[in-house]
Each structure stands twice: as C-alpha cells, then as structure tokens.
Amino acid sequence: MATIRILQQGIRKSAVAGYRGRIHPIAGVALNKDWNSSFATRTFTTSSNNGQQRYHNWRESAALLGTAAGLVGLTLIAKSKNDSHLAASSEEREPGSIVPDLPTYTLSDVSKRKTKETRIWMTYKNGVYDVTDFVSNHPGGSKILLAAGGAMDPFWSMYAVHKNKEVFEMLEELRIGNITEVPEEEERDASNPYANDPKRHPALKPSSSTPFNAEPPLQLLPDNFLTPNDLFFVRNHLPVPDVDPKTYKLEVGIDGASRTKSLNLSELKNRFQKKSVASIVQCAGNRRSEMVKIKPVKGLNWGAAAISNAEWSGVCLDDLLKYSGIDIDYVDCDHIIFDGLDQDPTGSKYGASIPIELARRLKRDIIIAYEMNGEDIPRDHGYPVRVILPGIVGARQVKWLHKILLSKKESDCHWQQKDYKGFHASIDWHNVDFSTVPAIQELPVNSAICEPVNGTSLEEGANEVTVKGYAWSGGGRGIVRVDVTTDGGKTWHSAELKQPDQPLYKTYAWTLWETTIPLPADTRDVEIRCKAVDSSYNVQPDNVDGIWNLRGVLSNAWFKVDVKVPGEEPQAKKKSSWWVNIKATHGILAEFCEWPD
C-alpha cells in the first residue's frame, strides 16, 4: 500500500501540477486542480476476507495505474517536443512577432477575457497570450492583472527583469495566437480646448477626462521610491497648455514695482547652480472616496493614489530672487504668488500663493523646477517650468509657471479663495463662508496600504500576510512609525520603514514601509488597518466620521483593506454534552426501532 501511495504522490506532483487546467493532447483527458481519478484515490488493503476479490481489485487498480502512467508519460513526451519547438522558434523570432499557423484574434476578442472564468488574455506587440494559469505564480503578484483583457506592453517596460531572454521565452510559452488590429486613434475636435492634451499611460485611472485627472493603481506605488514620470498622478484644473520652450519667459518681481526680471528657459538652466530635492506632490483630496461613503462631497473621487514622489531639479527660489534684486528675508510683503499659463476659455488662469513666513522658512528648498526624475518635466506636470514647494499641498505647486510675484495680498485665484480649505462636519454648502478660514498649506500625517489591495484572496490556510504601503506628513515632518493591525486595533505591529535620505525634520519625500504580520486564527474575513506617526507625534485619526468636510479634503483616517482567507468556515461550537449523549443514544436505538427526530 505504501508503494502505491508514493506512486500516486509522485505522479500527481510531477505531472498534474504542470498540467492543471489543460486538456491531455492525446487522450483528451481533462487534468485540473481538483483532478481525482479512480486510480489516484483507490484504497488498497490486505485485510479483506475475500482473497480472490482482493486480487481482482489489485489487478484492476494496477491496470488503471499503468494506463494513467502511460498517459502522463505520453503527455510529458508531447509537451517536451512542443516546448522544444516553441523554444527553438522563439529563438529565431522577436518576442511578440507574428507566429504562422496560430489563430488571429481581434481586440474585442481579447477585451472579453479578463477573469479566470473567461480565461485571462493579454497582448504583447502582435502576440496574444493566455496567462490564466500563470497568474498565481507571477513574481509580481496581482499586478499582472492590470493588463487583463488588453495590452501588457506599457506595463512590461516598467520592470527591468522583463528585459531578458529567459523571461521572453516564458512569455512565448503562453502564446495562443496573433493580433494585427491596431487600436483606433480617437478623433480630436480642434474646437475642443482639451483636444491637444498629451497622451497618458493606460494604467492611470481617470477620475475625470476634461480636465484630465487620474491616479496610478495603488499597488504600483511601493515598487519605486521615485514614481516613474508616466505613472505620476495627474491633477489638472484646466486644459494642458502647449508651451513653446523657445519663447518661454518667467517673470519675477514685486507687486506694484515698475520693473520685473524676465528670464528665458536657457537662462534658468545656465545662469544658476542646479539644485535637486526629492519631494511629494499630494492632492488635498487624496482619499476623498472614503469621505463620500459617509456623506456626499463635491470633488473628484480620488482613491489613495493621488500622491506621488519625484526628484525635482532646477533653480533654488532664494537664488532666483536675489538675482532679481529681491531679498526675501527683508522684503515688505506678506505673500508670494505663483501664476501659471493654464487658463479657461475666458482667459482666467490658475494661480496660488503661500505666506511669506513659509517661503522664508523654505527659501533654500523651494525649487523652480525644469526637470523631473532627470528628464524634462512632462507636459501634464508643468513643462517647461513649475514650482515645487516641499511639504506643501499640491494645489500651491503651480505648473506651467510664468510669474512669481511678491505681494501684500494672497492670490485672488478661485482655487486659493474659494477652494482647498477645511471645515468641520457641521458646515455644508448652505452655510459655508470660505473667507473665515485660511487656505490649506501643510498637509496632515497620512498613510495607506498599497498591498494587498482591497478584496484580495490570500492563499488558502494562510496564517500571515505581508503588507506594504506609503506614509508621509506635510511640513517636512518625517515618519517615525507605521503601525499595522489585523484584529481591529487590539494588537499592533510596527512596520519596517524605508526612510528617505533626508533629515527627520526636513523630510519631503515619502516613507515606504513593509511588514509581515500574523492573521487571526479561524477567521476568513480580515480587516487590515494602518496608521502613521510623524516626528511631531501627530497620528492619524481612527475614523473618517470625525474629519468629514464638504470638500472631502484632508482625508487621513486609519487606512483599511479587507482580505479573505480561503478555506473551510470555522466549525460552530459543539452542542452541550447532554444533547450529544441523547443523540448518541438515539443513534444506537435507531438500529432497533423508529425514533422520532
């Protein structure tokens, strides 16, 4: 019996594991995860009273076992030949190129295959691939599903590990067909002010299309300390201007003064020492969608990824002002105003301002930036020049910057005066007065769980989970702790922090974090929560209710995700012993007489 059990396990591990969900190419036998044919489950015993029957069972089972072993052997041979053919052919052609004799599919065909139930298809160049059985083995976890039913090309280039021969060969093993159809280019209406907007990465999830506003998938954020430019969240209030760098001018001056300094792009790049800073840009409405669940608010329905981190390079504001004859420490002004080139059809432009005291504190850290992560700033993010105000809300970090003005008054722009301000939960649109509170500048401490994403099903029987996320606090306050719980806050676990190389009290970049923590025993639905603590020991509030406001800004409650642990439901508590005894007696008596239930 032991020998046969070993054969069973060997066959199932070596053959079935490699062919789950496939059809045997010769016998047409379906082999899947729940494969349980008679030869693999038959029990063999030497304690039978009928020796002849025992011999017959053994011979029948042995025959079945031999047949199955033969089928597996043929399968292995067939697969070996097929894999050799694929490997040989893949060496002779470019990955994703057309393969003769394979069926041709349409974009519509692929778009319908997004789930395990329909099979998960993707395209790469001219290739169509069925990745359904590979998803659970993908080293990047569920990130592969971002391309389900579409092209994997934009995601493929995000990771250097993909760019090697072995990975391309693995990809080609999943090849099922070709695709030659080219996505149709959307026709642009010249009268539409948004018609000239730049193209965006398909991974970005729009919260509005005109103007375009979008955030990347949350699970991609921990992959990079510096967010790739094309995955950086996009916040536009107006159409994206198309600025000619040859004619671009930046004006610097004092409100009411007769003279201003004007510099072109070349002068900004060549007259000043280049300064760089790694700094977050975060929308004031980041995580607004959590407030919407409490009560409706006005604003874009942002998730938790309206935040990104980049290294910005350009001119130090203090250097630029001194070159323009302005000493920020002594100038008789109360605000510094930044005006952009983006405008609405009436000609009204976007602008913002910060108090002069804040500008003085940050004068060596504020960057008039022309580079983002070592490249020219993309159009969506302010090409050719924008202002970076480390530790300050994104709404003040004006893009397409064309004027810096020191003034006694703050910016009169709508988004400075009638927006991006915080109120308590009893203030609503019927009784709000925006003039009674200051504009948001520094943002509160915040954190979010990026992996696992909400609704994830963990491995069956999992007893721990690895959690990853980001944390950040405004005003340069570094993160000193991130706490994570899986039992509603009864017990907390401190995450390992990947802190930026910046002083604790001048930390402008985010802190990425990770921890592996135990899951509650006998629980199938688990809520994971996190909260961050900054260098001033500010901590996130435990719920959204107390911080709700009519604009849905400053949302920084404990972040929560729900995950599932597959498996049998925990058994209900056993009946009391007296009932068990009665039922046992009932069972015995039932053999001799009828017993009412």
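Note: the structure precedes this text.
Here, residues in each chain are numbered from 1, in the same order as that chain's written sequence. Local features in a predicted model are, by the rule used here, given only for residues with pLDDT of at least 70; side-chain atom pairs are given and counted only at 80 or more, and totals for whole chains, interfaces and linings are based on all residues. Side-chain figures throughout are based on the complete set of non-hydrogen atoms in the structure, without hydrogens or water.

Peer 1: Would you mind going over the nonpolar core with me for this structure?
Peer 2: General note: in soluble globular proteins, nonpolar side chains tend to be found buried as a group. We define a nonpolar core as any set of buried Ala, Val, Leu, Ile, Met, Phe, Trp, Tyr and Cys residues linked to one another through side-chain atoms lying within 4.5 Å. Only protein chains enter the accessibility calculation, which uses a 1.4 Å probe. A residue is then buried if its area is under 20% of the maximum for its type, exposed if over 50%, and partly exposed in between. With 97 residues, the main nonpolar core has Leu-320, Ile-368, Ile-404 and Tyr-470 as its most contacted residues. Setting aside its immediate chain neighbours within four residues, Ile-404 contacts Leu-250, Glu-251, Val-252, Gly-253, Leu-317, Leu-320, Ile-336, Ile-337, Phe-338 and Ile-368. Counting residues in each nonpolar core, the second largest holds 19 residues, with Met-122, Tyr-129, Val-131 and Ala-147 among its members. Any two residues whose heavy atoms approach within 4.5 Å are treated as being in contact.

Peer 1: Which parts of the structure should I look at to understand the packing of aromatic side chains?
Peer 2: Each pair of aromatic rings is reported with the distance of its centres and the angle of its planes. Each aromatic pair joins two rings of Phe, Tyr and Trp (for Trp, the six-membered one) with centres within 6.5 Å, and gets the label stacked for planes under 30 degrees apart, edge-to-face for over 60, and tilted for any other angle. On inspection of all chains with the given rule, the structure shows eleven aromatic pairs. Between Phe-423 and Phe-434, the aromatic rings sit 5.5 Å apart at their centres with planes inclined by 85°, giving edge-to-face as the arrangement. Placement of Phe-423 in the loop between α11 (414–417) and β20 (446–451) and of Phe-434 in the loop between α11 and β20 is noted, with a sequence separation of eleven residues between them. Comparing Phe-423 with Phe-434, the two get one shared label, buried. Counting from the N terminus, the helices are the DSSP runs of H or I reaching at least four residues and the strands are the DSSP runs of E reaching at least two.

Peer 1: Mind showing me how you'd approach the sheet that holds strand β7 (residues 205–209) here?
Peer 2: In a beta sheet, neighbouring strands are held together by backbone hydrogen bonds and run either parallel or antiparallel to one another. Strands pair, by our definition, only if DSSP identifies at least two bridges between them. Within the open sheet, the three strands sit side by side as β7-β8-β9. Their pairing is antiparallel. One side of each edge strand has no neighbouring strand; the edge strands of this open sheet are β7 and β9 (234–235). Sheet topology places β7 next to strand β8 (residues 212–215); four bridges connect them, and they run antiparallel. The partner of Lys-205 across the bridge, within β8, is Glu-215.

Peer 1: How do you make sense of the environment of Ala-509 when you look at a structure like this?
Peer 2: Topologically, Ala-509 is positioned in the loop between β24 (496–498) and β25 (511–518). Its relative accessible area of 2% is what places Ala-509 among the buried residues. Along the backbone, Ala-509 and Val-277 are 232 residues apart, and their C-alpha atoms lie at a distance of 8.5 Å. Those residues within four positions of Ala-509 in sequence are excluded, and the remaining contacts are Phe-225, Ala-278, Ser-279, Ile-280, Asn-309, Trp-472, Pro-500 and Gln-502.

In short, shape yes, function no, at least from these values alone.
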